[in-house]
Amino acid sequence: NFLYVQQGQNIITYSVNTTTAVTKKLGTLGTAYNGATNITINRSGSFLYLLGFSPAIEYFTVYSLTAAGVPHAKPIQTLVVKPALMKFFIHPNGKIAYAFFHWTQVVDGTTEYASDIVLFTINAKTGKLTNTTKPVASYPLNASDWPNTEGMNRKGTVLYTDVESLTIN
């Protein structure tokens, strides 16, 4: 088992003994997320997906992993996404993922909230992401708040929000 930890602009890879919980540092990856305070880390198969922010854009970098689980230094993909991507969940099958975009808009002097859940596909062989830009669910503008995304069940059949649970076909 592996643990990936953000430390400043670096991602540290540790192996974890599942019996003793003892960790061993395996490697450090320096990222290009200059000034990022929070990088979202996802692993699927032999690939590591990092979602981060530069001062001007929001983007994923995808890294292939060594047999020891350490990311190679050079990313295999950089994919720019529209700002407002808040959470990203990879389906257990490793072939699709869901991105949760949230934004606000002022309507008649009141800030209202909206969001979309957008489908991404993953090439299982190359690890590369494709943004289909197709919302699988949309939450229209409202004055209360956008849904908080809680996660996905272990089978990948349900996405949880604090508004509703969405069954995935």
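Each remark here, short or long, concerns the structure printed above.
What follows deals with the overall build of the chain. In terms of regular secondary structure, the chain is built from zero helices and 14 strands. Reading the chain from its N end, one meets helices and strands in the order β-β-β-β-β-β-β-β-β-β-β-β-β-β. Compactness check: the chain gives a C-alpha radius of gyration of 17 Å against a globular reference of 15 Å for 169 residues, within 12% of the reference. Considered along the principal axes of its C-alpha atoms, the chain spans approximately 55 × 35 × 30 Å.

Nonpolar side chains tend to gather and get buried jointly when the protein is soluble and globular. One finds Tyr49, Phe60, Leu85, Phe88, Phe120 and Leu129 to be the most contacted residues of the largest nonpolar core, which totals 17 residues. When contributions to this core are tallied by element, the ones reaching two or more residues are strand S5 (47-53), strand S6 (58-64), strand S7 (77-81), strand S8 (85-90), strand S9 (96-107) and strand S10 (110-122). One finds Phe89, Ile96, Tyr98 and Leu159 within the second-largest nonpolar core, a separate group that totals nine residues.

All right, on to the sheet that holds strand S3 (residues 23-30) then. The strand order S1-S2-S3 describes an open sheet built from three strands, whose pairing is antiparallel. In the strand order of this sheet, the two ends are held by strand S1 (2-7) and S3, each with one partner. Going from strand to strand, the sheet's axes swing by 25° on average, the running direction of each strand aside. Bridge count between S1 and strand S2 (residues 10-16): six bridges; the pairing is antiparallel. Within S2, the residue paired with Tyr4 across the bridge is Thr13.

Note that Thr31 resides in the loop between S3 and strand S4 (40-44). Here Thr31 falls in the buried class, since its relative accessible area comes to 11%. A C-alpha to C-alpha distance of 5.7 Å links Thr31 and Asn10, two positions 21 residues apart in sequence. Within the structure, the side chain of Thr31 is placed 2.6 Å from the backbone oxygen of Gln9, a separation counted as a polar contact.

Further remarks concern the side chain of Thr13. Structurally, Thr13 is set in strand S2. The buried category is assigned to Thr13, whose relative accessible area is 0%. Excluding anything up to four places from it in sequence, Thr13 contacts Phe2, Leu3, Tyr4, Lys24, Lys25, Leu26, Gly27, Gly69, Val70 and Pro71.

Take the sheet that holds S8 next. As summarised here, the arrangement of the four strands in space is S8-S9-S10-S11, forming an open sheet in which the pairing is antiparallel. Two strands bound the open sheet, and with one partner strand each, they are S8 and strand S11 (129-142). Neighbour to neighbour, the strand axes of the sheet diverge by 20° on average, direction disregarded. Examined bridge by bridge, S8 and S9 share five bridges and lie antiparallel to one another. Counterpart to Phe89 in the pairing with S9 is Tyr98.

Next up on the list: unusual backbone geometry. The backbone of Ala21 sits at a positive phi, close to 65°, despite the residue not being glycine. As for its placement among the helices and strands, Ala21 is situated in the loop between S2 and S3. Exposure remark for Ala21: the relative accessible area of 55% places this residue in the exposed category. You will see that Ala84, though not glycine, has its phi angle at about 100°, which is positive. Examined against the element boundaries, Ala84 turns out to sit in the loop between S7 and S8.

Here is what the cut-offs are and how they apply
- Residues numbered from 1 in each chain as written.
- Predicted model: local features only at pLDDT ≥ 70, side-chain atom pairs only at ≥ 80, totals over all residues.
- Heavy atoms only, no water.
- Helix = DSSP H or I, 4+ residues; strand = E, 2+ residues; numbered from the N terminus.
- Rg over C-alpha atoms; globule rule 2.2 N^0.38 Å.
- Core = buried A, V, L, I, M, F, W, Y, C linked by side-chain atoms within 4.5 Å.
- Buried < 20%, exposed > 50% of the residue type's maximum accessible area, 1.4 Å probe, protein only.
- Pairing = 2+ DSSP bridges.
- Axes fitted to C-alpha atoms, helices over the stretch in contact; angles between N-to-C directions.
- Polar contact = N/O pair within 3.5 Å; in protein donor to acceptor, adjacent residues only side chain to side chain.
- Contact = heavy atoms within 4.5 Å.

Everything listed is a geometric property; what it means functionally is a separate question.
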